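Commentary on secondary and tertiary structure
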Amino acid sequence: MATKHFLTLMDLSAEELKQIIERAIELKTLRNQGITTDLFRGKVLGMIFEKSSTRTRVSFEAGMAQMGGSALFLSPRDTQLGRGEPIEDSARVISRMVDIVMIRTFGHQNVERFAAHSRVPVINALSDSYHPCQLLADIQTFVEHRGSPAGKVVAWVGDGNNMCHSYINAARLCDFELRISCPQGYAPDADIVAAAGDRVKVVHNPVEAVRDADWVSTDVWASMGQETEQQARREAFDRYQVNHELMSHANEDAIFMHCLPAHRGEEVSAELLEDERISKVWDEAENRLHAQKALMEFLQEHSQ
């Protein structure tokens, strides 16, 4: 059996994605009931971080521990990855010593190169192009609160970034309509949009995107590595804040999500972020833990 990787959502079929979400909800229920599992006993996750993180590290490390396994934190400061060793060589060596690898990096090609030379499953825990693990958590959150996203309207307000690209892939797999609202010059990759066909529409007016939506999401205006652009982006995105006024154009029971960390008063108002009737960001953050456990279990089962 070939090694199964998770570099984008499109590495899964629609049915496989559904199975992972269902298993994530089951694992969450078991944990809430105090029922433990040792499915990862003796297994080791190698965690390669070129970009720092809170939720990614805690969720993967805790997930392995809760299922009886262990995790190794690897940063460029501590390994040969930061001293010029080719990615291909690191992949060949590390994958002989651990059972699964997750990578949080800049260029998406780094994840692809590592996976091409790895003996074990590789998970994209974030690249400049995609953030598929976050979408697993987001989909799980919507399913828990509103049921299947199929046929629903989802609005993305803000930068056409890696999160936006993964929302586009989610629209393809989950069969929902995605409306993306972003300023001129900040649209998502045209090829990724085109691959989704008529499920995805890019507009510039956020009200047009959010009108009658069931699910609204956003992200920071300047991502990691774009700090020098922060002021220019703040000006460009000035009218793209998600707040109660914007959410008033969505369906009455629409929910709001944000992958966090959030800049209150910029891309989202503090009042909306803390409104638990609409904002599901804390469930969304927790679900990284459960969705990634289900993902790792799935990859192990399909790479034996």
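These lines cover the structure that appears in this document, whether it is placed above or below. In this text, all values refer to a predicted model and were calculated from it rather than measured experimentally. (Residues numbered from 1 in each chain as written. Predicted model: local features only at pLDDT ≥ 70, side-chain atom pairs only at ≥ 80, totals over all residues. Heavy atoms only, no water.)

Some remarks on the nonpolar core
Judged by nonpolar contacts, the single largest core of 53 residues is most densely connected at Phe 6, Leu 17, Phe 60, Ile 123, Ile 168 and Leu 178. Leaving out residues up to four positions away in the same chain, Ile 123 has contacts with Phe 6, Phe 60, Ile 100, Val 101, Met 102, Ile 103, Cys 133, Leu 295, Met 296 and Leu 299. (Core = buried A, V, L, I, M, F, W, Y, C linked by side-chain atoms within 4.5 Å. Buried < 20%, exposed > 50% of the residue type's maximum accessible area, 1.4 Å probe, protein only. Contact = heavy atoms within 4.5 Å.)

Regarding the pattern of salt bridges
Charged atoms that come close allow side chains of opposite charge to pair. Tallied over the full model, the rule gives 16 salt bridges. Between Glu 88 and Arg 113 there is a salt bridge whose closest N-O contact spans 2.8 Å. Separated by 25 residues along the polypeptide, Glu 88 in helix H3 (residues 87–94) and Arg 113 in helix H4 (residues 108–116) bring together distant segments of the chain. Classification of Arg 113 as partly exposed rests on a relative accessible area of 33%. The partner of Arg 92 in a salt bridge is Asp 89, with the nearest N and O atoms 3.1 Å apart. (Salt bridge = Lys/Arg side-chain N within 4 Å of Asp/Glu carboxyl O. Helix = DSSP H or I, 4+ residues; strand = E, 2+ residues; numbered from the N terminus.)

Some thoughts on the packing of helix H5 (residues 132–146) against helix H6 (residues 162–174)
Helix-helix packing: each pair is described by the crossing angle between the helix axes and the interaxial distance. Their axes nearest at 9 Å, the elements H5 and H6 cross at an angle of 55°. One finds that H5 runs oblique with respect to H6. Relative to H6, the crossing made by H5 is right-handed. Residues Pro 132, Gln 134, Leu 135, Asp 138 and Ile 139 of H5 form the contact with H6, whose own contacting residues are Met 163, Ser 166, Tyr 167, Ala 170 and Cys 174. (Axes fitted to C-alpha atoms, helices over the stretch in contact; angles between N-to-C directions. Parallel < 35°, antiparallel > 145°, perpendicular 65-115°, else oblique. Left-handed = near helix turned anticlockwise from the far one by under 90°.)

Brief notes about H6
Counted at 1.5 Å a residue, the expected span for H6 with its 13 residues is 18 Å, and the 18 Å between its end C-alpha atoms agrees. Burial analysis of H6 places 12 of its 13 residues in the buried class, which makes it a mostly covered element. Where H6 is concerned, the buried positions are Asn 162, Met 163, Cys 164, His 165, Ser 166, Tyr 167, Ile 168, Asn 169, Ala 170, Ala 171, Leu 173 and Cys 174. Between the side-chain oxygen of the N-cap and the backbone nitrogen of Met 163 there are 3.1 Å, and the N-cap of H6 in question is Asn 161. (Expected span 1.5 Å × (residues − 1). Polar contact = N/O pair within 3.5 Å; in protein donor to acceptor, adjacent residues only side chain to side chain.)

Overview of the environment of Arg 104
Relative to the elements of secondary structure, Arg 104 occurs in strand E3 (residues 100–104). Along the backbone, Arg 104 and Thr 56 are 48 residues apart, and their C-alpha atoms lie at a distance of 8.5 Å.

Geometric values such as these leave the question of function open.
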